Structure formats: C-alpha cells, structure tokens
Amino acid sequence: MPDISREIRLATLPSGLPQPHNFAVVETPVPIPAPGQILVRNRFFHVFAAMRTLIGGSVAGAPFPGLNPGDTLFGAAIGEVVTADGDTGPRPGELVSHWLGWREHAVVPVTQCSRLGQVLPDPVAHLAQGRTAYGALTRGAEVRPGDTVYVSGGAGSVGSMAGQIARLLGAGRVIGSTGSPEKAGRMRAELGYDEVLIRGTDPIADQLAKAAPDGVDVFFDNVGGEELRAAVAAARKGARFVLVGALSGQLAEEGDGTAAPVELDSFQLLVRQVTLRGYSASGDSEVQGEWLDRFAEWSRSGLITFPYVRVEGIENAPAALYDTITGLHLGTVVVAL
Ligand SMILES: NC(=O)c1ccc[n+]([C@@H]2O[C@H](COP(=O)([O-])OP(=O)(O)OC[C@H]3O[C@@H](n4cnc5c(N)ncnc54)[C@H](OP(=O)(O)O)[C@@H]3O)[C@@H](O)[C@H]2O)c1
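Here the structure is a predicted model, which is why all the values come from computation and not from measurement.

*Asks:* Go over helix 3 (residues 157-168), please, and point to the residues and values.
*Replies:* In this model, helix 3 (twelve residues) spans 18 Å end to end at C-alpha, consistent with the 16 Å of a helix rising 1.5 Å per residue. Positive backbone phi, approximately 115°, marks Gly170, located one or two places after helix 3.

Structure, rendered in structure tokens:
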C-alpha cells in the first residue's frame with residue numbers, strides 16, 4: 001500500500017468554461033477508514049460535463065452540492081476494496097461503485113457503495129449513463145413502438161446510450177444532434193442514428209423539419225435552448241418530452257452554468273398537447289436493477305455498445321474534463337488509474 005494518494009481539487013473559480021489550470025493535483029496521506037467505512041483503491045472514474053455546473057455553484061433542488069476552491073471533485077467511480085468494515089459489507093479485493101471519484105484512494109461509508117456483482121462482464125461498463133437514459137425513456141417519455149425519437153446531445157455520455165436504447169425499445173426513427181460532422185458520421189455508423197443534426201450550422205429547427213418530416217413523438221432533451229424550441233415546432237399531437245439535461249446553459253461560455261433559460265411558444269405546446277416531464281435518475285432508485293438486467297442481456301446479444309474514451313492517469317483528468325466539455329469526445333469519458 002502506498003502512503004500517499006493523489007486527488008483533483010478545484011484550485012480557482014474559472015471565468016467562463018473551466019480550464020485545466022483551474023484544478024490542482026494534490027498529494028494527501030492515504031485516508032484511514034472509521035467504523036462503518038471502507039478504504040477503496042479507485043480503478044476508474046467518470047469525467048462528466050455537468051461538473052461545470054457544480055463548479056458554478058449549487059442549483060436549488062439539484063441532487064449534488066456546488067464546489068468551492070479547495071474542494072476535492074467527486075463523481076461516479078469504480079474501485080477495489082482494500083480494507084473491509086469488520087466482517088460485514090464488501091470484502092477486500094471486491095469491486096464496488098461509489099461517488100468519490102477524482103482521487104486514487106477513497107474512504108467510503110459502507111452504506112454509500114454498491115457491490116458490482118457479476119451482471120456486467122466489464123467493470124467499466126458500470127460507469128455508462130444508460131440507467132439515466134433507460135429510466136427517462138421508459139418512465140419519463142414512455143417510448144412506444146414506431147415512435148420518432150429525437151435525442152439532443154446524442155453523442156454524449158447519456159445521449160450515446162439514449163439513441164441506442166430508444167431503438168431497442170421499439171422506436172421507428174431515431175434522430176440525434178451533435179456539434180461536428182465527424183461525430184455525426186460516427187453516430188450513424190456506430191450508434192444507429194437515422195439522422196443527425198449539427199449544432200452551429202443551419203438552424204436546428206430547419207434541420208429537424210427535414211429529418212422528421214412527419215414530426216417527433218418523443219424528445220429526449222439533454223440540451224434545452226434552441227433544441228427544445230425546435231422540438232416544440234416539430235412535435236406531433238400528444239408528443240412526450242423528457243427533460244434530462246440543460247447543456248445549452250450548463251456549457252455556455254457566458255454565465256456560470258447553473259441556468260438554462262429558453263423562450264417557448266406555450267400556445268404550440270397546448271395546441272399540440274405536448275407533455276413536458278423532467279426526469280432525475282437520482283430520484284428513481286427502482287430503475288437500476290431493471291436497467292442492469294437489460295444492459296447485460298442486450299450486451300450479450302451484441303445489440304448495444306458502451307462507447308467510452310479511456311484516459312490514463314489522474315494527472316490527465318483536468319484536461320479530460322476540458323475536452324469533454326468542449327466536445328472532443330464521443331460517449332463516456334473515463335479516467336483509468
Ligand atoms: N437527469 C438526470 O438524472 C441526469 C443524469 C446524468 C446527467 N444528466 C444531464 O444530462 C446531460 C448530458 O450529460 P452527459 O454527461 O451525457 O454530457 P455530455 O453530452 O457528455 O456533455 C458534453 C457534450 O455536450 C456537448 N456540448 C458542448 N457545448 C454545448 C452547448 N453549448 N450546447 C449543447 N451541447 C453542447 C458536446 O457534445 P456534442 O459536440 O456532441 O454536441 C460535449 O461533448 C447533462 O445536462 C447532465 O447534467 C442528467
């Protein structure tokens with residue numbers, strides 16, 4: 001066992017989007033667990049764009065607190081138990097998932113970690129954001145066979161799973177959006193999207209009208225802003241919109257990433273009888289088991305892929321965060337330790 005563990009802390013508050021120099025790699029003594037806690041050596045952690053919002057401050061009602069300079073970053077992680085808590089709970093050598101990523105070693109309350117078990121063959125797949133995508137599509141939008149589904153932010157960690165899951169749940173046509181033609185090509189070839197809209201080219205509303213000439217039944221929204229407005233204009237009667245993220249505000253250069261205001265034509269919402277529903281995976285604990293079973297079954301049958309980018313070494317995590325926010329990657333970004 002080493003004596004020293006490294007972790008990523010917020011060093012300074014950014015003006016605009018966070019840059020690698022806003023973070024510090026800090027050495028600390030390996031923490032000692034108290035009763036009710038276990039020591040975990042992290043193997044992988046998730047680098048996610050919503051970190052911008054946590055850095056921007058706390059959002060009323062959101063499941064996670066904001067970060068201040070000096071705080072260690074946190075997020076989903078997979079690690080190996082080093083020291084168990086007495087004779088109960090996860091055993092040394094066992095893999096667990098928990099929320100204290102961005103550090104090499106973590107002391108985790110036993111009640112706040114989950115054994116990975118054997119359901120998924122690859123431990124890193126537990127960092128896939130499919131649970132959110134599956135929960136939002138089955139509980140939030142209630143996708144039906146034949147639906148035309150539009151996934152904004154369709155190449156991201158959540159979106160890359162949502163497009164595939166929508167198809168597996170019976171969607172007839174799946175449309176996504178992204179920020180570059182290269183990613184659009186990969187989304188068609190690797191994730192099965194029928195059409196991909198490209199942010200920053202023609203107006204999204206025009207692109208969507210061409211991609212879905214008969215309209216949209218389900219809108220899975222990671223973005224808000226212009227994409228939400230376009231979806232209202234393309235909604236079929238009785239369309240179901242599930243709001244999962246607000247990247248247009250979270251990743252805007254201006255502001256602090258904690259708000260995503262948008263002007264909508266409420267007259268169109270009522271005329272088209274659109275249902276708008278927010279979905280939060282953290283408020284839906286019951287979906288996890290069902291999702292894991294389906295993910296395992298679809299993976300075994302070769303029906304779904306977990307697209308992820310592997311970045312080696314904790315010292316590269318701040319740059320990986322910047323690359324994630326600025327759209328370099330497709331899928332989930334994972335730091336391997
Ligand atoms: N409701 C829940 O339970 C829940 C759970 C997890 C995550 N979330 C939310 O889900 C959303 C997606 O999360 P994620 O981890 O999958 O993020 P993500 O898609 O990986 O976010 C990064 C991507 O956002 C896109 N992007 C960058 N700037 C943008 C802008 N100004 N407008 C629109 N898109 C921009 C870029 O992709 P492209 O270039 O490909 O567009 C970039 O690669 C986030 O809002 C997150 O907070 C919600």
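So much for the structure itself; the text now carries on.
*Asks:* Explain the site of the ligand to me, and be specific about the residues and the numbers.
*Replies:* Taken together, 27 residues form the shell around the ligand, and within it Val158, Thr178, Arg199, Gln250 and Ala281 come nearest. In this structure, Tyr279 approaches the ligand through a main-chain N or O atom, which is 2.7 Å from a nitrogen atom. The set of elements that each furnish at least two residues to the shell around the ligand consists of helix 3, helix 7 (247-250) and helix 10 (317-325). Considering each element in turn, the shell around the ligand owes the most residues, three residues, to helix 7. Taken together, the residues of the shell around the ligand break down into twelve nonpolar, 13 polar and two charged.

*Asks:* So what about the pattern of salt bridges? Which residues, and what values?
*Replies:* A full pass over the atoms with the stated rule returns 15 salt bridges. Across the salt bridge formed by Arg43 and Glu80, the nearest N and O atoms sit 2.4 Å from each other. Here Arg43 is found in strand 3 (residues 37-47), whereas its partner Glu80 is found in strand 4 (residues 77-83), with 37 residues between them in sequence. Since its relative accessible area comes to 29%, Arg43 is described here as partly exposed. Via salt bridges that share partners, Arg6, Glu104 and Glu315 belong to a single interconnected network.

*Asks:* How would you summarise the nonpolar core if you had to cite specific residues and measurements?
*Replies:* Among the nonpolar cores identified, the biggest contains 48 residues, and Leu137, Met161, Ile165, Phe220, Trp291 and Phe295 are the most heavily contacted of them. For this core, the secondary structure elements donating two or more residues are helix 2 (130-140), strand 8 (148-151), helix 3, helix 4 (181-191), strand 10 (195-198), strand 11 (216-221), helix 9 (287-300) and strand 15 (332-336). When residues of this core are assigned to their parent elements, the largest contribution, six residues, is made by helix 9. There are two domains that each give this core at least three residues, and those are domain 1 (4-128 + 306-336) and domain 2 (130-283). In this view, Phe220 contacts Ala133, Ala136, Leu137, Tyr150, Val151, Ser152, Val158, Ala162, Val242 and Val244; residues no more than four positions away in its chain are not counted.

*Asks:* How would you sum up the environment of Val274? Please name residues and give values.
*Replies:* Mapped onto the elements of the fold, Val274 is located in the loop between helix 8 (266-271) and strand 13 (275-278). The class for Val274 is buried, based on a relative accessible area of 15%. With 57 residues separating them in the primary sequence, Val274 and Asp217 have C-alpha atoms 9.3 Å apart. Those residues in contact with Val274, other than ones at most four positions away along the chain, are Ala235, Ala239, Phe241 and Leu269.

*Asks:* Lay out the sheet that holds strand 11 in plain terms, naming residues and giving numbers.
*Replies:* The sheet built from six strands is open, its strands ordered 10-9-8-11-12-13 with parallel pairing. With partners counted over all chains shown, the strands left at the sheet margins are strand 10 and strand 13, one partner each. Taking each pair of neighbouring strands and ignoring which way they run, the sheet shows an average axis angle of 15°. As judged from the five bridges shared by strand 11 and strand 12 (residues 235-243), these two strands associate in the parallel manner. Counted as the bridge partner of Val216 is Ala235 from strand 12. Set on the sheet, helix 3 makes contact with strand 8, strand 9 (173-178) and strand 11; between it and strand 8 the angle comes to about 175°. Running at roughly 155° to strand 12, helix 6 (residues 225-234) makes contact with strand 8, strand 9, strand 11, strand 12 and strand 13 of the sheet.

*Asks:* Lay out helix 2 with the relevant residues and their values.
*Replies:* Most of helix 2 sits out of view: eight of its eleven residues are buried. Turning to helix 2, its buried residues are Gly130, Thr132, Ala133, Tyr134, Gly135, Ala136, Leu137 and Gly140. Tucked into the core, helix 2 has its buried residues touching helix 3, strand 11, strand 12, strand 13 and helix 9. Within two residues after helix 2, Glu142 carries a phi angle of roughly 50°, on the positive side.

*Asks:* Before we move on, can you summarise unusual backbone geometry with the specific residues and values?
*Replies:* Residue Trp102 is not a glycine yet carries a positive backbone phi of 65°. Given a relative accessible area of 0%, Trp102 falls into the buried group. Notably, Glu142 is not glycine yet its phi reads approximately 50°, a positive angle. Checked against the element boundaries, Glu142 lands in the loop between helix 2 and strand 8. A relative accessible area of 39% places Glu142 in the partly exposed class.

*Asks:* I'd like a rundown of the packing of helix 2 against helix 9, residues and numbers included.
*Replies:* Angle between the axes and distance between the axes are the two parameters that describe a pair of packed helices. Where helix 2 contacts helix 9, the two axes come as close as 10 Å, and the packing angle between them is 105°. The angle between the axes of helix 2 and helix 9 places the two elements in the roughly perpendicular class. Contacts from Gly130, Arg131, Tyr134, Gly135 and Arg139 of helix 2 reach helix 9 at Val287, Gln288, Glu290, Trp291, Arg294 and Trp298. Partitioning the contact of helix 2 with helix 9 into residue classes produces four nonpolar, three polar and four charged.

Calculation notes
Residues numbered from 1 in each chain as written. Predicted model: local features only at pLDDT ≥ 70, side-chain atom pairs only at ≥ 80, totals over all residues. Heavy atoms only, no water. Helix = DSSP H or I, 4+ residues; strand = E, 2+ residues; numbered from the N terminus. Expected span 1.5 Å × (residues − 1). Near = heavy atom within 4 Å. Polar contact = N/O pair within 3.5 Å; in protein donor to acceptor, adjacent residues only side chain to side chain. Nonpolar A, V, L, I, M, F, W, Y, C, P; charged D, E, K, R; others polar. Salt bridge = Lys/Arg side-chain N within 4 Å of Asp/Glu carboxyl O. Buried < 20%, exposed > 50% of the residue type's maximum accessible area, 1.4 Å probe, protein only. Core = buried A, V, L, I, M, F, W, Y, C linked by side-chain atoms within 4.5 Å. Domains from an automatic or database assignment. Contact = heavy atoms within 4.5 Å. Pairing = 2+ DSSP bridges. Axes fitted to C-alpha atoms, helices over the stretch in contact; angles between N-to-C directions. Parallel < 35°, antiparallel > 145°, perpendicular 65-115°, else oblique.

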